[in-house]
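# Results of the structural survey
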Amino acid sequence: MSADELAQAITVARALEETGRLVPGTAAPDADALVEGYRRLVSARRLNEQAGALVRQGRLAVYPSSRGQEACQVACASVLADDDWLFPTYRDTAAIAARGVDPVEVLSMLRGDWHCGYDPTVHKVAPQATPLATQLLHAVGVGHAARLKGEDTVVMALCGDGATSEGDFHEALNFAAVFAAPVVFFVQNNKYAISVPLARQSVAPSLAAKAIGYGMPGVRVDGNDLVVLEQVLAEAVGRARAGQGPTLVEADTYRMESHTNADDATRYRTDDEVAEWVGRDPVVRVKTYLTAVGALDEAREQRITAAAEEMAASVRAGLGTEAPVDPEELFAHVYGTPTPQLVEQRAALRIELDGEEA
Amino acid sequence: MSKMTMAQAINTALRDAMTADDSVVVFGEDVGALGGVFRVTDGLHRDFGESRCFDTPLAESGIVGVAVGMAMNGMRPVVEMQFDAFAYPAFEQITSHVAKLGNRTRGRLRVPVVIRIPYAGGIGGVEHHCDSSEAYYAHTPGLTVVAPATNADAYGLLRAAIEHPDPVIFLEPKKHYFAKEDVDLASPVLPIGRAVVRRPGRDATLIAYGPSVPVALGAAAQAATEGRDLGVVDLRTIVPFDDDTVCAEVRRTGRAVVIAEAPGFASVASEIAARLGERCFHHLEAPVRRVTGFDVPYPAPKLEHHFLPGVDRILDAVDTLQWPDSREVTA
Ligand SMILES: Cc1ncc(C[n+]2csc(CCOP(=O)(O)OP(=O)(O)O)c2C)c(N)n1
Ligand SMILES: [Mg+2]
């Protein structure tokens, strides 16, 4: 490992300054592509706000918001090809939507449904994982199977800073490195695992630095900078596709809201700390840049806002109605064919329900 | 018909499945060049190559988690846990994902993974090398749990497990690995979920699975010399449980003893006894008895023989089944 490789795992890479100016020496990003990125950022932000409102109205059971992390959400989806796979967590609703899945379907699980809502095989998006870090191994399995079959699929595997302390995080990175599996591990380091700060998860110089121990590149980036995220993640995807194995990318970002609506972040962090990150907002940063270079006029901005409003309205409509629930679904998918015991239990429930109706 | 050990029968099943279906891959700890610590995967790496049979890093959760992902991407992984008591690091993957993924996706992603586990005792294994872990798996909805008792069944049931659309926990009784029996490889793939009557009997029914089946048969043979005609049902599959076959036998005899090596409390044996109580009560002449391991950690070799259900303990239980005086053994 060279000094450069160590440096890129520890130093935060950035393309756009917090002020929205390009970091000196950075090539200007393609303006049209960045306007598209901005459109996605606005949509992701709107989705976070809409979902939060739906929780308050009792339409969603719970919502872990990615407010403040929208650049990560957008970038990890936009660098993937159609046949690639995304492995999201409970916090990555906006990333799944950015991948093209209808947000109404994505929100099924958080609404309290018994299934993930979308068909994982259509958009190649795994069900949102809640048991921390466990999904990273599945990502490695999908990638390794693709390699064995001679397919050039790449897998984007997401997790948080807290999840890097789990055993499955270690096992997944190690497996992926040993088998040169085409996986990009993307850690959104938002500084907290519910209430527990990063310092209690790790004293490593960075989370990306952990890659070095597994023999893969680690890259640390500004997680509120869409431009650098897309660049670094696209490079990692390219390496994976070319058969050069996995990469660990750590995004330095911040969870602007509480862990979920059920949490109270004032118990464990200060307003001052939160305020510092307001100035680093990922959506504003891109907007400032695009406006300054003349790529975002009023009309364009309005179209983008209107599209986001339209999406939000469709989410409200989709979650505004209670879809009928079939109690027999309890038994339908536990096995491909229900066991005789489940057939009996289903019949018993049916009799019970018929009795209630009578 | 050929004579082979259970290790060879399972090896043959793996070979035949790998030959029949390119998506079958075998992996785990030491399963490659070594052929597994019990030699079950002997020669597979040599004959099918690194892409079909490979060693992994030493990480059970990793092995099972990667298998889930490979199954999501169209493969049929057959993974080996090196020992029953070393499968626990994978427990989270098994209960949260292997067992639930089909349900969580409304059947859109099924998990045709087979997890082979060298299982149970009787080999004099030192600490942490033996356990009867079937209850953990049987208690987890979504898992199919298979426990062959004969070498022929090990072949037929493993072929079925690999073809099965749902995940299967395949419990291989270690003490059978190196014992030779006749195996008819032309025999069809056995159905999952069906028990078999190993020995018909008029007086009472012994119910067993895996390593306890030969012990039950031994008890039945001994009882026959003493004038008592005991039947033996071999479950073959623990989940789904074959209520029909088991209940039919017990209703005929009116007496039942369930035999298993695992500690009895909250066990598969307890579940069977409860089911018989619920379903066969009016046919029963006596309470269903259980002969199981004690509720202690799996004992070291020096104490193991006190722990494992044996012929005498089974026959003692049979003696308590409230026989009418006229049927008391006279021999
Ligand atoms: C194995 C496991 N343990 C505990 C939890 C409960 N839990 C849910 S989210 C969370 C914090 C995770 O933090 P991090 O990985 O940083 O992700 P973030 O929520 O910040 O996105 C915890 C402890 C869980 N889901 N899974
Ligand atoms: Mg976090």
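Given the structure is predicted, the values throughout are model-derived calculations rather than measurements. (Residues numbered from 1 in each chain as written. Chains lettered and ligands numbered in written order. Predicted model: local features only at pLDDT ≥ 70, side-chain atom pairs only at ≥ 80, totals over all residues. Heavy atoms only, no water.)

Attention shifts here to the interface of chain B and chain A. Each side of the interface is counted separately: chain B has 45 residues, and chain A has 44 residues. When the area that chain B buries against chain A is broken down by residue, the three leading residues are Asn73(B), Arg104(B) and Arg106(B), summing to 19%. At the surface where chain B touches chain A, the tally comes to three salt bridges. Across the pair Asp119(A) and Arg108(B) runs a salt bridge whose closest N-O atoms are separated by 3.7 Å. Of all the secondary structure elements, the ones that give two or more residues to the side of chain B that touches chain A are strand S3 (53-55), helix H3 (60-72), helix H4 (91-98), helix H5 (101-104) and helix H10 (268-280) of chain B. Here the element with the most residues in the side of chain B that touches chain A is H3(B); it accounts for ten residues. Of the residues in the side of chain B that touches chain A, the class split is 16 nonpolar, 18 polar and eleven charged. (Contact = heavy atoms within 4.5 Å. Buried area = accessible area lost by both parts, 1.4 Å probe. Salt bridge = Lys/Arg side-chain N within 4 Å of Asp/Glu carboxyl O. Helix = DSSP H or I, 4+ residues; strand = E, 2+ residues; numbered from the N terminus. Nonpolar A, V, L, I, M, F, W, Y, C, P; charged D, E, K, R; others polar.)

Residues and elements named next belong to chain A. Remark: helix H8 (residues 134-148) packs on helix H9 (residues 167-178), axes separated minimally by 7 Å, with the N-to-C direction vectors making an angle of 15 degrees. Put simply, H8 runs roughly parallel to H9. Crossing angle aside, the handedness with which H8 passes H9 is left-handed. On the side of H8, the interface is formed by Thr 134, Leu 136, Leu 137 and Val 140, while H9 contributes Asp 168, Phe 169, Glu 171, Ala 172, Phe 175 and Ala 176. (Axes fitted to C-alpha atoms, helices over the stretch in contact; angles between N-to-C directions. Parallel < 35°, antiparallel > 145°, perpendicular 65-115°, else oblique. Left-handed = near helix turned anticlockwise from the far one by under 90°.)

Turning to the domain arrangement of chain A, a few remarks are in order. Structurally, chain A comprises domain 1 (3-325) and domain 2 (326-358). Centre-to-centre separation of domain 1 of chain A and domain 2 of chain A, based on C-alpha positions: 39 Å. (Domains from an automatic or database assignment.)

Moving on to the side chain of Asp263(A). By the secondary structure assignment, Asp263(A) is in the loop between strand S7 (247-252) and helix H12 (271-278). Setting aside its immediate chain neighbours within four residues, Asp263(A) contacts Ile194(A), Arg255(A), Ser258(A) and Tyr268(A).

In the structure shown here, the tally under the stated rule is 15 aromatic pairs over all chains. Seen from their ring centres, Phe91(B) and Tyr136(B) are 6.0 Å apart, and the 75 degrees between their planes marks the pair as edge-to-face. Of this pair, Phe91(B) sits in helix H4 while Tyr136(B) sits in helix H6 (residues 134-138); the two residues are 45 residues apart in sequence, bridging distant segments of the chain. Given a relative accessible area of 44%, Tyr136(B) falls into the partly exposed group. When the ring centre of Tyr192(A) is taken as reference, the NZ or CZ atom of Arg269(A) above it lies at 5.4 Å. A cation over an aromatic ring shows up here: Arg280(A) above the ring of Trp277(A), its NZ or CZ 4.3 Å from the ring centre. (Phe/Tyr/Trp six-rings, centres within 6.5 Å; stacked < 30°, edge-to-face > 60°. Buried < 20%, exposed > 50% of the residue type's maximum accessible area, 1.4 Å probe, protein only. Lys NZ or Arg CZ within 6 Å of the ring centre and 35° of its normal.)

Right, let's talk about the UniProt feature "domain: Transketolase-like pyrimidine-binding" (unreviewed entry) in chain B for a bit. Here the UniProt-annotated "domain: Transketolase-like pyrimidine-binding" (unreviewed entry) positions come out as residues 4-179 of chain B. In the segment residues 4-179 of chain B, helix accounts for 36% and strand for 17%; the C-alpha atoms at its two ends are 8 Å apart. (UniProt positions renumbered as here; feature names shortened; annotations may be inferred.)

Once that is clear, we can look at the pattern of salt bridges. What the rule picks out here adds up to 45 salt bridges over all chains. Notably, a salt bridge pairs Asp47(B) with Arg46(B), separated by 2.9 Å at the nearest N-O pair. Looking at Asp47(B), the relative accessible area reads 40%, which means it is partly exposed. Residue classification places Arg46(B) among the exposed positions, given a relative accessible area of 64%. The closest approach of N and O atoms between Arg159(B) and Glu163(B), which form a salt bridge, is 4.0 Å. Residue Arg159(B) and its partner Glu163(B) are located together in helix H7 (residues 151-163), separated by four residues, close to a single helical turn. The class for Arg159(B) is buried, based on a relative accessible area of 12%. Through salt bridges with shared partners, a single ionic network connects Glu344(A), Asp243(B), Glu271(B), Arg275(B) and Arg279(B).

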